[in-house]
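Read off the chains here:
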Amino acid sequence: MSEAISVRQLQTRQPSHVTVATASLIGTAIEWYDFFLYGTAAALIFNKLFFPTFDPMIGTLLAFATYALGFIARPLGGVVFGHYGDKIGRKTMLYLTLLIMGAATAAIGFLPTYETAGVWAAVLLVTCRLVQGFGLGGEWGGAVLMAVEHAPADKKGFYGSWPQLGAPLGLVLGTLVFTVVSSTLSDAQLYAWGWRIPFLFSIALVLVGLWIRFTIAESPEFQKVKDTKQEVKMPILEAIRMYPKNILLAMGARFAENGFFYIYATFVLAYATQSLGMNKQDMLNGVLIAAAIETFTIPAFGALSDKVGRRPIYIFGAVFSALMSFPLFMLLATKNPHLAWIAIALGLAIGHAAMYGPQASFLSELFGTKVRYSGVSLGYNLASIFAGALSPLIATGLMTAYAPATWPISLYMVALAIITVVSVYFATETRKVG
């Protein structure tokens, strides 16, 4: 009996906003590790193991196409988990999304390759990627809402940025594990079995994440809705009815942030190694360094948004990213790894971080509590289809069509930034003053 009481007390105890933000951060880092690991493998491994009968560049294009499918499943996950997150609670959904992501990632580590299963290998790979996307579609909304809704009114930008750190930390962890494996094994060993290790490592991470999430309480803002029985029957439909403009603006705000991130984190790896002949490890190190720096700049920009507003910081990030689109390829063209590192670091740690830092609080505050999980998840994940999912694919297609010219890719990046600047400009400033 005493054990049952202690567990109940642990589950209902109201932790500090720091504890909740930390738990959200660790959970999202694990989820993003799973998701980004696929991107690294798609750029460097999967074209040879799952699409070996194609030209290397076409194989890469197909690998990125399977990568994009994960984004297509994300709105569905956002709708399903958003619906129940607004009816049952944020916390329960975070258990489920972590389990789903972890299971799909571990399954990839057990998949047969084209050599043993033929076309069915690619089919199974696509299935796992769809399940990954479904889980991640529900993860982000719940994680950021737990942090934002627990935070003090004047620090929601700062604490809301903590789960955002999960993206660069997940990228750092995924790239680091992949780097260790690829640097300690020969190419033959890496392609034979070594590539599976980072995916299977996800099992241990998920167990840690589940234990941490067990210790946090439900969002106090949602708990008030539940206590007063104000839940709506169909949150997703209510979100669309009440906030159609904000859903569209949230989507547009993500175009540059999401699209640029995947160009830097995945496409640049393929471009630099395959088209420029740069060393694979040098490029992995560049992404690793940039993502590590971003773990400091994301909360810095989040905190700054509490002082000057979400919109100015966000627009600065989009404009900076647009200005970097041409210098990026100029620095890469030198084939100097250190200059390549500078280009990637500027793009991620300044341009992307300035948008990603205030994003959680900015998008969350566009919606009312009763439909917030649904509204945020819908706007966030729909943008992923048109931005993050397509950006490596479009960039690879432009590179194939116009090589050696890179200006079409830069123009595409500028277009993404323009969409974001316009969307944020017409959105309402959500920072609470005083």
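Preceding block: the structure.
This structure is a prediction, so every number in the text was calculated from the model and none was measured.

Calculation rules
Residues numbered from 1 in each chain as written. Predicted model: local features only at pLDDT ≥ 70, side-chain atom pairs only at ≥ 80, totals over all residues. Heavy atoms only, no water. Helix = DSSP H or I, 4+ residues; strand = E, 2+ residues; numbered from the N terminus. Rg over C-alpha atoms; globule rule 2.2 N^0.38 Å. Buried < 20%, exposed > 50% of the residue type's maximum accessible area, 1.4 Å probe, protein only. Areas by Shrake-Rupley, 256 points an atom, 1.4 Å probe, with all protein chains shown as cover. Lys, Arg positive; Asp, Glu negative; His and termini not counted. Charge placed at Lys NZ, Arg CZ, Asp CG, Glu CD. Salt bridge = Lys/Arg side-chain N within 4 Å of Asp/Glu carboxyl O. Axes fitted to C-alpha atoms, helices over the stretch in contact; angles between N-to-C directions. Parallel < 35°, antiparallel > 145°, perpendicular 65-115°, else oblique. Contact = heavy atoms within 4.5 Å. Nonpolar A, V, L, I, M, F, W, Y, C, P; charged D, E, K, R; others polar.

### Considerations on the overall build of the protein
Each helix and strand in the protein was counted, giving 22 helices and 0 strands. Against the compact-globule benchmark of 22 Å for 434 residues, the protein has a radius of gyration of 21 Å, which places it among compact chains. Considered along the principal axes of its C-alpha atoms, the protein spans approximately 60 × 50 × 35 Å. The buried share of the protein, reckoned over its 434 residues, is 59%. When the accessible surface of the protein is summed, it comes to about 15,900 Å², and 72% of that surface belongs to carbon and sulfur atoms. Computed over 28 positive and 21 negative side-chain charges, the separation of the two mean positions in the protein equals 5 Å.

### Here we look at the pattern of salt bridges
This structure, assessed with the given rule, holds 7 salt bridges. Between Glu365 and Arg310 there is a salt bridge, and its shortest N-O distance comes to 3.1 Å. Remark: Arg310 occurs in helix α18 (residues 310-333) and Glu365 occurs in the loop between α19 (337-364) and α20 (372-386); sequence separation between them is 55 residues. What emerges from the salt-bridge pattern is a single network uniting Asp86, Arg90, Glu149 and Arg372.

### Observations concerning the packing of helix α9 (residues 156-164) against helix α10 (residues 166-184)
α10 packs onto α9 with a crossing angle of 25 degrees between their chain directions and a minimal axis gap of 5 Å. With respect to their mutual orientation, α9 and α10 come out roughly parallel. Taken together, the residues of α10 that come into contact with α9 (itself represented by Trp162, Pro163 and Gln164) are Gly166, Ala167 and Pro168. In terms of residue class, the contact of α9 with α10 is built from 4 nonpolar, 2 polar and no charged.

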